[in-house]
Amino acid sequence: MSAANEIGTETARPGRPLRRLGLSGKLLLLTIPLVLIAEVLIYVPSIANFRINRLNDKLAAANTAALVLDAAPSGMVPESLARQILSSIGARAVAIKMGQQRRLLASADLPAQIDHDIDMRDMTVWSAIMDSFEVMLETGNQSIRVIGPAPSGAQFIEVVIDELPLRQAMYRFSRNLFWVSLGIAILTAGLVYLALHYLFVRPMRRLTANLVGFHENPESSARIIVPSQRGDEIGVAERELSDMQRDLVSMLHQKSRLAALGLAVSKINHDLRNLLASSQLLSDQLASVPDPRVQRFAPKLMRSLERAIAFCQSTLSYGRAQEAPPDRRMMLVEPVVNEVRESAGLASDASISWINAIERGLTIDADPDQLFRILLNLVRNAAQALEGQPPSEAAPQQIRITGRREGAVTIIEVSDTGPGVPQKARNHLFEAFQGSARPGGSGLGLAIAAELVRAHGGDIHLVEGTLGATFRISMPDRPVELHSIRSERARA
């Protein structure tokens, strides 16, 4: 049985109640009472209107009879003819009032008393409805007097009739209306149910079945729903669900890749830390060698190894490369730039020109180690971009670093004369594994640089309209409270 057929049937899942009635069943149960309520609302005024029409018919027949009886010579009508006229209109008596005189035109078997009086001249809707149900709930054969307008200048006409024939006619009308309404209700309910089932229930079943299937295997792209061409809210929901599932599948694939990569990095770091520790012991021995060149490079080698060991340790401690908060201090930028050049191997590389345009004495409020990593990642990316293209006399291979102050913000730019950043890489420039501009690259260098810059409250972006690629770093100084400045001045 497919997932679509299981919707609306019993499903037993841990922690979820059994669903015994599906959306189709609920829709049917909702349609039936609503149609019945509509039929009741139709029946109530219909039965009242039927009673009023029957009484008006009696008055109309009585008016006709009154004209016949009043036209008789000297107003004398044979009793047999009067009974015939009264029997034809279903009345016991007909009377008319003209001026201050009430005149009985004809009578036959008048009852001893009149049980109800009905004045058709001032009947309201509510009274018509209430009187109709009172008639249907009564028993026996009461006599009622119906009063209505009369022709020929008379004030009103009265007709006395039996209530039982009226009640029986109302019962027949109710039965006929019931069967007709029942047929219309069944047809209407069926059409409404089929229309709602086709327009809403089937698409909702499709959505629900897709959600159930996607929940079972969210990493399978085959479970992504194919949206229909509907332009209503269900069509919008299908398209949004399709986009969300597609993004989720892509995200889960990336997370799986990152998890596998993280496990591999942790294993590598475990062994790499031991190798770096051995290299650090060897560098300590080199520091005791009296050779001037060794004495010159040994401290730099020791600092590089210390940074590498600390970074490996943090990766093993947290299971991922979680950056520590920057330990910021005011420092000179130029020594860090020189160290970056040496660490990148550009000091001895004659094929790539190095231009240092840092303002003399430029300072920055940053963590020294993290600033070193930021610039090293940018410089290595620039060097790799230049290495990937053949040398040319028209466009020499060159890396340029500039730095300046703009108020409380330090601006550092790293530019090269390479091929630039392709448009495809610009959409995810600072995202790991997505922003690489060269084949086989991971994009981690820019992602790490952006993360460290943002930790300082700064910004990094690609400058448009330049030769090659130019990355601009804007790093503001920390805000200083006036109280601390005054305290320092007071101590000075």
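Residues numbered from 1 in each chain as written. Predicted model: local features only at pLDDT ≥ 70, side-chain atom pairs only at ≥ 80, totals over all residues. Heavy atoms only, no water.

Help me out: how do you make sense of the overall build of the chain in this one?
Along the backbone of the chain there are twelve helices and twelve strands. Within the chain, buried positions represent 32% of all 492 residues. (Helix = DSSP H or I, 4+ residues; strand = E, 2+ residues; numbered from the N terminus. Buried < 20%, exposed > 50% of the residue type's maximum accessible area, 1.4 Å probe, protein only.)

Quick question: what am I supposed to make of the packing of helix H4 (residues 125-137) against helix H5 (residues 163-216) here?
Pairs of packed helices are described in terms of their axes, by the angle between the two and the distance that separates them. Across the interface, H4 lies against H5 with an axial gap of 9 Å and an inter-helix angle of 100°. Overall, the two elements H4 and H5 adopt an arrangement that is roughly perpendicular. Residues Ser-132, Val-135 and Met-136 of H4 lie in contact with H5, whose contacting residues are Glu-163, Arg-167, Met-170, Tyr-171 and Ser-174. (Axes fitted to C-alpha atoms, helices over the stretch in contact; angles between N-to-C directions. Parallel < 35°, antiparallel > 145°, perpendicular 65-115°, else oblique. Contact = heavy atoms within 4.5 Å.)

Which parts of the structure should I look at to understand the nonpolar core?
Soluble globular proteins: nonpolar side chains tend toward being buried together. Counting 40 residues, the largest nonpolar core has Leu-375, Leu-378 and Ile-473 as the members making the most contacts within it. A per-element tally of this core places helix H9 (residues 368-387) first, with ten residues. What Leu-375 contacts, discounting residues up to four positions off in sequence, is Val-336, Val-337, Val-340, Ile-412, Val-414 and Ile-473. Counting residues in hydrophobic clusters, the runner-up holds 32 residues, among them Leu-55, Met-136, Val-146 and Ala-150. (Core = buried A, V, L, I, M, F, W, Y, C linked by side-chain atoms within 4.5 Å.)

Which parts of the structure should I look at to understand the side chain of Glu-163?
Among the structural elements, Glu-163 can be located in helix H5. Ignoring sequence-local partners within four residues, the contact set of Glu-163 consists of His-116, Val-135, Glu-138, Asn-141, Gln-142 and Ile-144.

I tried to follow the pattern of salt bridges on my own but got confused; where do I start?
If charged atoms from side chains of opposite charge come close, those side chains can pair. The full count for this structure, using the stated rule, is 15 salt bridges. Linking Asp-119 and Arg-121 is a salt bridge whose minimum nitrogen-to-oxygen distance equals 2.9 Å. Judged by its relative accessible area of 46%, Arg-121 is partly exposed. Arg-167 serves as the salt-bridge partner of Glu-163, at 2.9 Å between the closest nitrogen and oxygen. In this pair, Glu-163 and Arg-167 both sit in helix H5, four residues apart, roughly one turn of the helix. Each member of the pair Glu-163 and Arg-167 is classed as buried. When salt bridges with common partners are traced through the structure, they connect Arg-404, Glu-406, Glu-413 and Arg-472 into a single cluster. (Salt bridge = Lys/Arg side-chain N within 4 Å of Asp/Glu carboxyl O.)

Just to check I follow, could you spell out the sheet that holds strand S5 (residues 156-162) for this structure?
Strands belonging to one sheet form pairs held by backbone hydrogen bonds; the direction of such a pair is parallel or antiparallel. Across the sheet, five strands lie side by side as S2-S1-S5-S4-S3; this open sheet has mixed pairing. Edge positions in the sheet fall to strand S2 (101-107) and strand S3 (116-119), since each of these pairs with one other strand and no more. Shown here is a sheet whose adjacent strand axes are inclined to one another by a mean of 20°, direction ignored. Sheet topology places S3 next to strand S4 (residues 143-148); four bridges connect them, and they run parallel. Residue pairing in the sheet places Asp-117 in a bridge with Arg-145 of S4. Here H5 sits on the sheet in contact with S3, S4 and S5, set at roughly 75° to S5. (Pairing = 2+ DSSP bridges.)

Help me understand the side chain of Ser-242, please; the structure alone is not making it clear to me.
In this structure, Ser-242 sits in helix H6 (residues 233-286). Contacts of Ser-242, omitting those with residues within four sequence positions, involve Ile-224, Ile-225 and Pro-227.

How should I be thinking about the packing of helix H8 (residues 334-343) against H9 in this particular structure?
At a minimum axis distance of 9 Å, the contact between H8 and H9 shows a crossing angle of 45°. With respect to H9, the element H8 is oriented oblique. Where H8 crosses over H9, the handedness of that crossing is right-handed. Where H8 approaches H9, its residues Val-336, Val-337, Glu-339, Val-340 and Ser-343 are matched on the opposing element by Leu-371, Phe-372, Leu-375, Leu-376, Val-379 and Arg-380. Partitioning the contact of H8 with H9 into residue classes produces eight nonpolar, one polar and two charged. (Left-handed = near helix turned anticlockwise from the far one by under 90°. Nonpolar A, V, L, I, M, F, W, Y, C, P; charged D, E, K, R; others polar.)

Can you walk me through the sheet that holds strand S7 (residues 353-358) in this structure?
Taken together, five strands build an open sheet; the order of strands is S7-S9-S10-S12-S11 and the sheet is mixed. At either end of the open sheet lies a strand with only one pairing partner, and these are S7 and strand S11 (459-462). Each neighbouring strand pair of the sheet contributes to a mean axis angle of 10°, computed without reference to strand direction. Pairing of S11 with strand S12 (residues 469-476) involves four bridges; the strand directions are antiparallel. Paired with Ile-460 across the strands is Ile-473, a residue of S12. Sheet strands touched by H8: S7 and strand S9 (398-406). Its angle to S7, the strand with the most contacts, is close to 170°.

Would you explain a nonpolar patch on the surface in this entry?
Taken together, Leu-30, Leu-34, Ile-37 and Leu-41 make up a surface patch of nonpolar side chains, about 420 Å² in accessible area. Tracing the chain through its elements places Leu-34 in helix H2 (residues 23-70). (Patch = residues over 30% accessible without salt bridge, like charges linked within 9 Å, V, L, I, M, F, W, Y side chains within 5 Å. Areas by Shrake-Rupley, 256 points an atom, 1.4 Å probe, with all protein chains shown as cover.)

I'm lost on the environment of Phe-372 in this one. Help?
Along the polypeptide, Phe-372 turns up in helix H9. Distance in space between the C-alpha atoms of Phe-372 and Val-336 is 6.1 Å, their sequence separation being 36 residues. With near-sequence residues (within four places) excluded, Phe-372 lies in contact with Arg-307, Val-336, Glu-339, Val-340 and Ser-343.

It is not clear to me how helix H11 (residues 444-455) should be interpreted in this structure. Could you clarify?
The first and last C-alpha atoms of H11 sit 16 Å apart over twelve residues, in line with the 16 Å expected at 1.5 Å per residue. Every buried residue belonging to H11 is among Gly-445, Leu-446, Ala-447, Ala-449, Ala-450, Leu-452 and Val-453, and all of these are buried. In this structure, the buried side of H11 is in contact with H9, S11 and S12. (Expected span 1.5 Å × (residues − 1).)

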